[in-house]
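Understanding the architecture of this molecule
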Amino acid sequence: MATVSGSVNYEDSTPIPKQQEYTPSNIEPIAIELAKFIRTKMYGTDVRESLARWIEIMLAVQTYINYDETAFKVDMQNQQDSVKDRQTQVEGTMSDVVDQFKAVISNVTKDSEVALARDSVRFGDYTVLDDRLEYIESWLAAHVPAGFHVSIKHNQNRQPKVVVHYYEYAIGTETHGFGTGPYGLGETSTQTISCTVDYLDDDTAVINLPLAYALTGIVTYKAGYWYLIDGYKTLRFDLGDGIDDAKATAGNGSNETSTNANGGGYAGDLGLSSYQIAVKNGFSGNVSQWLASLVGPKGDKGDSAVSGTFANLAALKNAYPNGKTGIFVTADNGHKYIWANNVWTDAGVYQATGFADGSITAAKLDTAVMAGIKLMPGKVLPNYDTATKIWSWGGASERQAAIFMGDNKYTLIPPDTTVVNNATSVAAKLIYDGSSFQFINWNSRTPTGSYLVAIINNQDVEQTTTVTADFPCTIDGRLNYDYYSEATFIASLNGLPAYDLDTKTLDFQSTDNQPAIIKFGGKKYNIPSGTVITNSVGSYAAILVFNIDTQTLSFVARTISLSRQVVVGSVMTSGPNYAVFNGFDCVVNGSLNQLDCGNLSKMTPETIKFYPCVNNYPMYDSNKQTFDFNSQKSNPATIISNKGFYLVPVGTIAQPTTAALSNYRKKVVYNLKTNVAKVQTYAEMVPPYSVIICTILSGANQKTEIISDFPVIVDGIPTETVRQNPKKANITAILHRGYSDKYPEESELAYIQSIKELGTYNWEGDIMFTSDNVPVMLHDAFINNFARYADGTEVTETTDMRKLTLEELNTNYDFGLAKGEQFVGTKLLTFDRFCQLAKQYDAYVHVEFKYPYTTEQISILHDTVIKWHMQDSIAWQAFQRDMLKPMIELEPRAQIELLVHATDMLDDAFYEDAKTYVTSSNRVCISLDSRCTDEQISDAVQHGYYVIIWVAYNANDIKRFANLGVSAIMTNGLNVADALFE
């Protein structure tokens with residue numbers, strides 16, 4: 001085709017002419033005309049139509065080319081079929097000649113034994129004996145792993161199991177080029193080949209294969225397998241998982257192949273035995289007499305092979321500095337030495353000795369010896385009945401107990417399996433011999449080949465039964481935990497337990513919404529709200545225990561007299577000013593579990609640990625040089641020192657000292673007594689009762705750096721690396737109302753920080769119109785719950801923002817205070833500004849219609865999108881789907897998202913209705929409530945829709961939805977990529 005060029009002016013407003021039919025003769029002039037349209041047409045509709053016709057031209061050209069190619073292939077196939085027919089005729093003629101020759105041989109042979117040898121009971125009759133022998137040889141060559149050997153230097157330091165696959169015409173090995181195999185692309189005749197393996201060492205394997213599969217070529221490692229390729233034939237060697245690529249590749253130059261097929265000679269006659277030769281040479285007698293005749297008289301004792309012994313090598317050298325013929329042994333190491341090349345040479349151990357204590361390493365032990373036995377209970381835990389002395393394995397048919405042994409073998413234990421304890425001692429051992437269980441006395445030796453499973457003991461201070469085992473079980477239906485078993489204590493988010501030395505009481509700070517927790521035996525127990533217990537133990541030491549039956553806590557003496565209790569921790573006291581807790585952290589008289597509690601007024605803490613709020617990291621402003629602790633009321637930042645436990649008040653911001661304003665090296669200090677924080681220079685003295693939180697490095701040409709063991713957000717950007725969630729991904733992350741977990745929802749800050757802190761470039765938001773018809777980003781029309789009056793007081797009366805102007809809303813109300821004092825002054829984000837931010841940060845936005853908008857309001861939204869050129873970066877969504885149709889008419893290519901509650905019906909009628917929102921250029925998505933069942937979600941995916949989930953609240957949910965095949969997941973502030981990469 002001709003090469004064309006032209007100028008671009010986009011000034012031609014006339015529509016393009018009617019489409020013509022494409023033929024080989026007119027494609028070139030039409031293509032030149034379409035190129036001109038693309039360069040000059042004013043309206044996007046004409047340009048898009050021109051591009052569409054250009055694609056159709058390309059399809060027409062490809063069709064003509066394919067037609068010519070197909071005709072050529074048909075002609076070549078006809079020629080090839082003619083040649084094959086002629087070849088078949090020739091081969092048929094040759095086959096007839098061979099059959100006639102065999103018939104002649106068959107009739108000539110008269111020996112009955114030879115004639116009978118032609119027939120086989122298993123494989124039928126053969127015309128001549130040679131046919132049967134040839135068949136046997138071909139069968140042996142194809143199935144017996146002998147005759148062809150492949151040596152692989154794998155360098156994996158083990159003796160791997162080897163699996164060999166044979167196939168033909170793999171991609172790249174076709175005889176006549178790519179795709180010319182018998183079935184086009186892909187290998188054929190795939191089969192697993194029998195083989196045996198000899199291990200020369202832990203790095204070299206010799207694989208023995210049937211001779212019929214002998215190939216020539218070089219064995220090469222690539223991507224987990226070794227390959228031997230000979231023309232269109234391939235052998236692939238699989239040496240198991242976990243291959244070290246670098247080591248395997250290093251052995252590529254050392255791999256070899258060889259064959260040892262028989263050369264075709266004849267076997268000689270069997271030789272005579274030694275006894276037959278003796279008889280032939282005159283011996284008279286039977287075999288036993290001949291064997292007895294071989295035994296002669298006992299000779300004299302010979303000289304020792306050892307020429308001498310010495311204490312050590314030094315003594316040997318001292319005795320024979322110039323050497324001496326013979327073998328000499330040194331006693332210190334048991335080695336033998338010889339004089340060779342004018343030096344005394346170590347010739348190795350003279351005689352093996354016994355194993356020394358501790359000399360056998362783990363590497364020399366069998367896996368079964370190392371791992372022993374492990375037992376996994378079934379659905380019902382094993383139980384020991386103290387009355388009947390019967391051990392029941394429990395389990396259920398759908399989940400049986402299983403016993404694992406170190407050689408990777410396991411046995412399922414039937415649910416009805418029981419073992420009677422017939423041991424005569426108080427304590428008994430439950431053992432397993434690989435097939436059955438039995439009890440034996442505790443002091444009886446465990447038989448060889450048996451494993452110890454558990455120990456039953458009836459002898460303790462209360463004559464109660466205990467079971468010692470590394471798996472959970474029950475005794476008389478109750479969990480097998482003796483009273484010294486340990487429980488885990490989790491403090492309330494309200495603070496650590498507080499112990500009062502004066503009243504000897506321990507307050508767990510537990511409330512209904514923030515309880516302290518005891519975890520024990522796989523269960524969790526909430527400590528009731530307001531729980532305070534008194535230490536009435538008279539001695540200096542007391543143990544804090546949890547009663548399993550009553551689920552109560554109490555202090556008891558070290559000698560416990562009650563069963564069914566587990567230890568939570570202990571306390572040691574001495575007088576009115578001394579108490580130390582062990583097992584869990586506790587505040588004693590306002591200080592953290594220290595001997596000098598209450599001395600904070602006299603001493604400055606020596607060590608500290610700062611814990612920021614979860615997902616609310618401290619923020620440093622390099623312009624103002626202020627450090628905001630970002631402490632939240634529901635989740636305060638915390639300082640723990642060797643002197644106490646401190647909650648940082650909400651709104652705490654470290655202000656810079658005068659000296660710090662002009663210094664590049666600073667530190668943040670916090671006064672534990674006054675709760676006042678400052679940013680100081682590195683040289684300024686730390687005030688009394690203060691601790692250093694972190695240090696700050698900055699400079700005129702240096703990026704500000706915070707040195708700390710916790711994340712800090714510097715000028716809106718976290719110091720730790722953020723895993724990115726790009727605008728387009730296989731599983732797209734969408735932030736629901738922006739980063740709403742941390743910032744005021746649908747605020748400018750919530751959207752900007754979603755990119756800076758979470759690397760998320762998809763935003764979701766809602767549209768509300770003010771009374772002066774300004775669209776703003778807001779989820780609810782009634783603002784009582786998330787707005788405050790400008791003076792900070794709560795909005796008590798029902799307030800509909802749609803009845804107020806934008807100026808009234810931003811003047812009389814604050815839309816950030818409800819989230820936190822640090823967000824004071826937050827104003828409503830207009831849809832215009834929202835689109836501008838999305839354009840600036842290259843974000844894709846998902847906007848929900850909250851109610852039926854007027855025609856004018858829909859035009860305002862559409863005009864705003866056009867203004868910021870966001871047509872390709874916006875999706876419209878709604879529960880009431882009909883509301884979206886006016887927008888579809890204005891912008892038919894915009895993505896449409898149909899919102900679905902968990903209670904909505906996802907039936908055939910729904911999917912039929914969904915098709916009505918499809919245009920020739922858009923995508924229709926289904927946005928599902930996260931409470932939908934897995935079946936509902938999978939069904940939407942199977943229907944071929946782009947499925948979005950709102951809202952995932954944790955990493956496990958994110959992984960679950962991803963495994964169901966969804967395409968996008970909304971969260972309120974989670975990094976979806978982080979969750980998927982965990």
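Residues numbered from 1 in each chain as written. Predicted model: local features only at pLDDT ≥ 70, side-chain atom pairs only at ≥ 80, totals over all residues. Heavy atoms only, no water.

What to know about the overall build of the chain
For the record, the criterion: Secondary structure elements are taken from DSSP: a helix is a run of H or I of four residues or more, a strand is a run of E of two residues or more, and numbering for both begins at the N terminus. Note on definitions: a residue-residue contact is assigned when non-hydrogen atoms from the two residues lie within 4.5 Å. The protein chains shown are the only cover counted for residues, whose accessible areas, like all others here, come from Shrake-Rupley with a 1.4 Å probe.
Looking only at helices and strands, one finds 18 helices and 62 strands in the chain. Across the chain, contacts joining residues at least 24 apart in sequence account for 54% of those joining residues at least 6 apart. With an accessible surface of roughly 55500 Å², the chain has 52% of that area assigned to carbon and sulfur atoms.

Here's the deal with the packing of helix H12 (residues 831–841) against helix H13 (residues 855–867)
Relative orientation and spacing of two packed helices are given, respectively, by the angle between their axes and the distance between those axes. Stated formally: Axis definition: a line fit to C-alpha positions, over the contact stretch in the case of helices; interaxial angles, taken between N-to-C directions, run 0 to 180 degrees. Geometric relationships in this document are graded by angle, where less than 35 degrees denotes roughly parallel, more than 145 denotes roughly antiparallel, 65 to 115 denotes roughly perpendicular, and other angles denote oblique. A clockwise turn of the near helix away from the far one marks a right-handed crossing, whereas an anticlockwise turn of less than a right angle marks a left-handed crossing. Each residue is assigned to one class: nonpolar for Ala, Val, Leu, Ile, Met, Phe, Trp, Tyr, Cys and Pro, charged for Asp, Glu, Lys and Arg, and polar for all the others, Gly among them.
At a minimum axis separation of 10 Å, H12 and H13 run at an interaxial angle of 30°. The angle between H12 and H13 places the two elements in the roughly parallel class. Once H12 is placed against H13, the crossing between them reads as right-handed. Residues Phe 831, Asp 832 and Cys 835 of H12 pack against Leu 861, Thr 864, Val 865 and Lys 867 of H13. Of the residues in the contact of H12 with H13, the class split is 4 nonpolar, 1 polar and 2 charged.

Digging into the sheet that holds strand S3 (residues 147–153)
Put simply, the rule reads: One bridge is not enough; two strands pair if DSSP finds at least two bridges between them.
As summarised here, the arrangement of the 4 strands in space is S6-S7-S3-S11, forming an open sheet in which the pairing is antiparallel. Among the strands making up the open sheet, the edge pair consists of strand S6 (196–201) and strand S11 (256–259). Ignoring strand direction, the axes of neighbouring strands in this sheet form an average angle of 20°. Pairing geometry for S3 and S11, over 4 bridges, is antiparallel. For Phe 148, the partnering residue across the bridge sits in S11 and is Thr 259.

Topic: the packing of aromatic side chains
Applied cut-off: Here a pair means two rings of Phe, Tyr or Trp (six-membered ring of Trp) with centres within 6.5 Å. Their orientation is stacked below 30 degrees between planes, edge-to-face above 60, and tilted elsewhere. Throughout, exposure labels follow a simple rule: accessible area from a 1.4 Å probe, protein chains only, divided by the maximum for the residue type, with under 20% read as buried, over 50% as exposed, and the rest as partly exposed. We call a charge positioned above a ring when the Lys NZ or Arg CZ atom is no farther than 6 Å from the ring centre and deviates by at most 35 degrees from the ring normal.
Within the structure shown, the criterion is met by 37 aromatic pairs. Ring geometry for Trp 391 versus Phe 471: centroids 6.4 Å apart, planes at 85°, classification edge-to-face. A residue pair is termed long-range when its members are at least 10 positions apart, and Trp 391 in strand S18 (residues 390–392) and Phe 471 in the loop between strand S25 (466–468) and strand S26 (474–475) qualify at 80 residues. Residue Trp 391 shares its accessibility class with Phe 471, and that shared class is buried. Site record: aromatic cluster; members linked through ring pairs are Tyr 751, Trp 763, Phe 769, Phe 831, Phe 834, Phe 849, Tyr 851, Tyr 853 and Trp 876. One Lys or Arg, Lys 609, reaches over the ring of Tyr 611 and ends 5.9 Å from the middle of that ring.

Looking at H13
To keep things clear, this is the line we draw: Given a helix with a known number of residues, its expected span is that number minus one, times 1.5 Å. Think of it as the arc spanned by the lines of direction from the helix axis to the C-beta atoms.
With 13 residues, H13 ought to run about 18 Å at 1.5 Å a step, and its terminal C-alpha atoms sit 18 Å apart, in line with that. Those residues of H13 lying buried are Gln 857, Ile 858, Leu 861, His 862, Thr 864 and Val 865. Seen end-on, H13 carries its buried residues on one side only, within an arc spanning 155°. H13 presents Thr 855, Glu 856 and Asp 863 as exposed residues on the side facing more than 90 degrees away from its buried surface.

A word on the nonpolar core
So the rule is basically this: The definition of a nonpolar core used throughout is a set of buried Ala, Val, Leu, Ile, Met, Phe, Trp, Tyr and Cys residues joined through side-chain atoms within 4.5 Å.
Residues Phe 831, Phe 849, Trp 876 and Leu 928 are the most contacted members of the largest nonpolar core, which totals 72 residues. The biggest single contributor to this core is H12, with 5 residues. Those residues in contact with Trp 876 that sit more than four places away from it in its chain are Phe 831, Val 847, Phe 849, Leu 861, Val 865, Leu 884, Met 887, Ala 894, Gln 895, Ile 896 and Glu 897. One finds Tyr 499, Ile 527, Val 537 and Leu 544 within the second-largest nonpolar core, a separate group that totals 27 residues.

A short note on the sheet that holds strand S16 (residues 373–376)
The strand order across the open sheet built from 3 strands is S16-S19-S20, with neighbouring strands paired in antiparallel fashion. Looking along the sheet, the strands with just one partner apiece sit at the ends: S16 and strand S20 (410–413). On average, each strand axis in the sheet is tilted by 20° relative to the strand beside it, whichever way the strands run. Direction of pairing for strand S19 (residues 401–405) relative to S20: antiparallel, over a ladder of 4 bridges.

What about the pairing of S3?
In terms of residue burial, S3 counts as a mostly covered element, since 6 of its 7 residues are buried. Looking at chain direction, S3 and strand S7 (residues 204–210) are connected through 7 bridges and run antiparallel. Bridge pairing links Ser 151 to Val 206 in S7.

Structural notes on the confidence of the model for the chain
As a reminder, the rule being used: As a per-residue measure, pLDDT reflects the predictor's confidence and takes values from 0 up to 100.
Averaged over the chain, the pLDDT score is 82; the fraction of residues at 70 or greater is 81%. When the criterion is pLDDT under 50, residues 593–607 qualifies, and its contacts beyond four places in sequence or with other chains add up to 38 contacts.

Considering unusual backbone geometry
In this chain, Trp 950 is followed by Val 951 through a cis amide linkage whose omega measures -5°. Examined against the element boundaries, Val 951 turns out to sit in strand S61 (residues 946–952).

Some words on the pairing of S19
Of all the 5 residues making up S19, 4 are buried; the element is thus mostly covered by neighbouring parts of the structure. Inspection of the sheet shows S16 paired to S19 by 4 bridges, in the antiparallel sense. Within S19, the residue paired with Met 376 across the bridge is Ala 402.

Considering a nonpolar patch on the surface
For clarity, the threshold we go by: In this scheme, patches are assembled from residues that exceed 30% relative accessible area and form no salt bridge. Like charges are connected within 9 Å, while nonpolar side chains (Val, Leu, Ile, Met, Phe, Trp, Tyr) are connected within 5 Å. Salt bridges, as used here, are contacts in which a Lys or Arg side-chain nitrogen is within 4 Å of a carboxyl oxygen on Asp or Glu.
A cluster of nonpolar side chains, namely Met 376, Phe 404, Tyr 410 and Leu 412, defines an oily patch on the protein surface of about 400 Å² accessible area. With respect to the element layout, Met 376 can be found in strand S16. The exposure class of Met 376 is partly exposed, given its relative accessible area of 44%.

Description of the pattern of salt bridges
This structure, assessed with the given rule, holds 18 salt bridges. A salt bridge links Arg 881 to Asp 913, with the shortest nitrogen-to-oxygen separation between them at 3.1 Å. With Arg 881 in the loop between strand S58 (874–878) and helix H14 (885–890) and Asp 913 in helix H15 (residues 908–914), the pair connects residues that are 32 residues apart, well separated along the chain. Its relative accessible area of 25% is what places Asp 913 among the partly exposed residues. What you see here is one network of salt bridges that share partners, running through Asp 766, Glu 848 and Lys 850.

Notes on the packing of helix H10 (residues 748–758) against H12
For the pair H10 and H12, the least separation of the axes is 11 Å and the interaxial angle reads 15°. In terms of orientation, H10 lies roughly parallel with respect to H12. Seen along the crossing, H10 lies across H12 with a hand that is right-handed. The segment H10 lies against H12, with Glu 748, Tyr 751, Ile 752 and Ile 755 engaging Arg 833, Phe 834, Leu 837 and Tyr 841. Its residues assigned to classes, the contact of H10 with H12 shows 6 nonpolar, no polar and 2 charged.

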